[in-house]
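Residues per chain, in single letters:
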Amino acid sequence: QVQLVESGGGLVQAGGSLRLSCAASGRTFSSYAMGWFRQAPGKEREFVAAISRSGGSTYYGDSVKGRFTISRDNAENTVYLQMNSLKREDTAVYYCAADTARVRTGLRSREYDYWGQGTQVTVSS
């Protein structure tokens, strides 16, 4: 079992920055990949970013490349999402997820087996 708790969401103006955190517990954190997804009202859940178990490989959705950075601290059992140059279209509920069943880092929501409760990010113009 893995428990995930996100924090750091909020209201920010367009062009601003936020950093999301996701604290994990329950299994050895460095043994599984982590990802961030988001879901806006009326839209499907969208892949944002993922990071391998060691942190050596990162992956990004096209809409956030160059603006968002995923990182992890395996000593602190935490994964982060630094979001810069935020746009109104980044408004969504952001979820962190753990991919504990696979060796390779998943890029699809169905590849993740544990999810946090989500944190709201709202970008105003």
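Values in this document were obtained by computation on a predicted structure and should not be read as measured data.

Q: Please clarify how the pattern of salt bridges should be interpreted in this entry.
A: For side chains bearing opposite charge, pairing can occur when the charged atoms are close. Under the definition given, this model contains 7 salt bridges. Here Arg 67 makes a salt bridge to Asp 90, at a shortest N to O gap of 2.7 Å. With Arg 67 in the loop between β6 (58-60) and β7 (68-73) and Asp 90 in the loop between β8 (78-83) and β9 (92-99), this residue pair connects regions lying 23 residues apart in the sequence. The same class applies to Arg 67 and to Asp 90, which are both buried. Ionic contacts of the salt-bridge type, sharing partners, join the residues Arg 38, Glu 46, Arg 67 and Asp 90 into one network.

Q: Quick question: what am I supposed to make of the state of the cysteines here?
A: Covalent bonding between the sulfur atoms of two cysteines defines a disulfide. Summed over all chains, the structure comprises 1 disulfide. Residue Cys 22 pairs covalently with Cys 96 via a disulfide, S to S 2.0 Å. Between Cys 22 and Cys 96, the S-S dihedral sits near 50 degrees, and the bridge is therefore right-handed. One end of the pair, Cys 22, is in strand β3 (residues 18-25); the other, Cys 96, is in strand β9, with 74 residues separating them in the sequence.

Q: Which parts of the structure should I look at to understand the nonpolar core?
A: Burial of nonpolar side chains together is a common tendency in soluble globular proteins. By size, the foremost hydrophobic cluster in this structure holds 29 residues, and its most contacted members are Leu 4, Met 34, Trp 36, Leu 81, Met 83 and Tyr 94. Of all elements in the fold, only β3, β4 (33-39), β5 (46-51), β7, β8, β9 and β11 (119-124) reach the threshold of two or more residues within this core. Apart from the residues within four sequence positions on either side, Met 83 is in contact with Gly 16, Ser 17, Leu 18, Leu 20, Arg 67, Phe 68, Tyr 94 and Val 121. Core analysis: the next-biggest nonpolar cluster, separate from the first, contains 5 residues, Phe 37, Phe 47, Ala 97 and Tyr 112 among them.

Calculation notes
- Residues numbered from 1 in each chain as written.
- Predicted model: local features only at pLDDT ≥ 70, side-chain atom pairs only at ≥ 80, totals over all residues.
- Heavy atoms only, no water.
- Salt bridge = Lys/Arg side-chain N within 4 Å of Asp/Glu carboxyl O.
- Helix = DSSP H or I, 4+ residues; strand = E, 2+ residues; numbered from the N terminus.
- Buried < 20%, exposed > 50% of the residue type's maximum accessible area, 1.4 Å probe, protein only.
- Disulfide = S-S within 2.5 Å.
- Core = buried A, V, L, I, M, F, W, Y, C linked by side-chain atoms within 4.5 Å.
- Contact = heavy atoms within 4.5 Å.

That's the geometry; what it means functionally is another story.
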